[in-house]
Amino acid sequence: MTNFSVFLPTGFTGELAGLDPADAFRRITTVAQTADELGFHAAYVPDHLLPIPPSQAPLFEAWTMVTALAAATDRIRIGPLVTSNSYRNPALQAKIASTIDVVSNGRLIFGIGAGWYEPDYAGYGYEFGTAGDRLRRLDEAVQLIRRFWTEESVDFEGRYYRASGGLNQPKGLQQPHIPVLVAGGGEQKTLRTVARWADASNIMDSPEVLRRKYDVLRKHCADVGRPYDDIRRTVTTSYILGTSDADARSRVPAGSEFAFPGDLASYGLIGTESTIRQRIAAYEDAGTQELIVAFENGLDPNELLRFADLFL
């Protein structure tokens, strides 16, 4: 049985352009509260610093939003999808997450990735570097973050990060620690990091591709001596309900290829009710356990109500 979660719009794709920021925040909060009431598994926010493409449209900072939404909801799990490792020192990031886990009464999902949107780096003065370098930093950062959640005092000397007598109290409420979700489908580096250190994986791709990625993840788990089923398998997808498949396809936004590889309309939750049910089944058959849904109009709680009525 697939769990469904909600990907909340916080301005990355310019969806808040023209809105009063206070009103935009209230609308995002209302959607999160609606998801909470309807029984969605989790609500996630992106972590970016500039909209795509860069503009003057409002964009909310991810961890501030996670904190606010944790305080505004009661049951639903909350987290970033995903925080960029490059934007915050990982030891401090561990401290931030520990605090939010307490604020949320143990509902935080710690999503993290290597980072990819170069304008964020240029605009805020971070070194972009190579993809390989960012992935190596991610692997080391997740190790350090987990140690801040599980050890009384942290001494760490890595290639990129270090800590000497690092203390972190409170460590959060969840046991044995806050769950770590690592995003990305890179078969040689990212999925190996998932196998070594993560509690969940997030990949954005078609069920056909997911089958191969999950086979690779299974092999990495075997290599490090970890049960494959320890990893929760999540996928981000897009939802557009249409009167016909052609109608729904025609509403796929330009630029979706920045996030979704290949032909999104051919595998996302895009089409009639019947088609969407088939697509959900295809994800399930591939081995996906949680679908994180980006709604066509993510600021409209009625979209969640309609989805819940049809598919929850």
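This text gives an overview of the structure that appears in the document. Fair warning: this is a prediction, and the values are worked out from it, not measured in the lab.

## Some points on the overall build of the protein
And then number 1: The number of helices and strands found in the protein is 10 helices and 12 strands.
And then number 2: With the principal axes as the frame, the protein shows a C-alpha extent of 60 × 45 × 35 Å.
And then number 3: Here the protein holds 312 residues, and 55% of them are scored as buried.
And then number 4: Carbon together with sulfur atoms contributes 51% to the accessible area of the protein, which is approximately 13300 Å² in total.
And then number 5: For the protein, the distance from the average site of its 31 positive side-chain charges to the average site of its 39 negative ones is 5 Å.

## Here we look at the environment of Val154
And then number 1: On the secondary structure map, Val154 appears in strand S6 (residues 154-157).
And then number 2: Separated by 14 residues in sequence, Val154 and Asn168 have C-alpha atoms that sit 8.8 Å apart.
And then number 3: Among residues more than four places away in sequence, those in contact with Val154 are Leu144, Arg147, Phe148, Ala163, Ser164, Gly165 and Gly166.

## Side note on the side chain of Thr29
And then number 1: Turning to its location among the elements, Thr29 is positioned in helix H1 (residues 21-38).
And then number 2: Setting aside residues no more than four positions away along its own chain, Thr29 makes contact with Leu69 and Ala72.

## Brief notes about helix H10 (residues 301-311)
And then number 1: Taken together, the buried positions of H10 are occupied by Glu303, Leu304, Phe307, Ala308, Leu310 and Phe311.
And then number 2: Looking at the buried residues of H10, the elements they touch are strand S1 (3-7), H1, strand S10 (232-241), strand S11 (269-271), helix H9 (273-286) and strand S12 (290-295).
And then number 3: Sitting at the head of H10, Asp300 places a side-chain oxygen 2.9 Å from the backbone nitrogen of Asn302.

What counts as what
Residues numbered from 1 in each chain as written. Predicted model: local features only at pLDDT ≥ 70, side-chain atom pairs only at ≥ 80, totals over all residues. Heavy atoms only, no water. Helix = DSSP H or I, 4+ residues; strand = E, 2+ residues; numbered from the N terminus. Buried < 20%, exposed > 50% of the residue type's maximum accessible area, 1.4 Å probe, protein only. Areas by Shrake-Rupley, 256 points an atom, 1.4 Å probe, with all protein chains shown as cover. Lys, Arg positive; Asp, Glu negative; His and termini not counted. Charge placed at Lys NZ, Arg CZ, Asp CG, Glu CD. Contact = heavy atoms within 4.5 Å. Polar contact = N/O pair within 3.5 Å; in protein donor to acceptor, adjacent residues only side chain to side chain.

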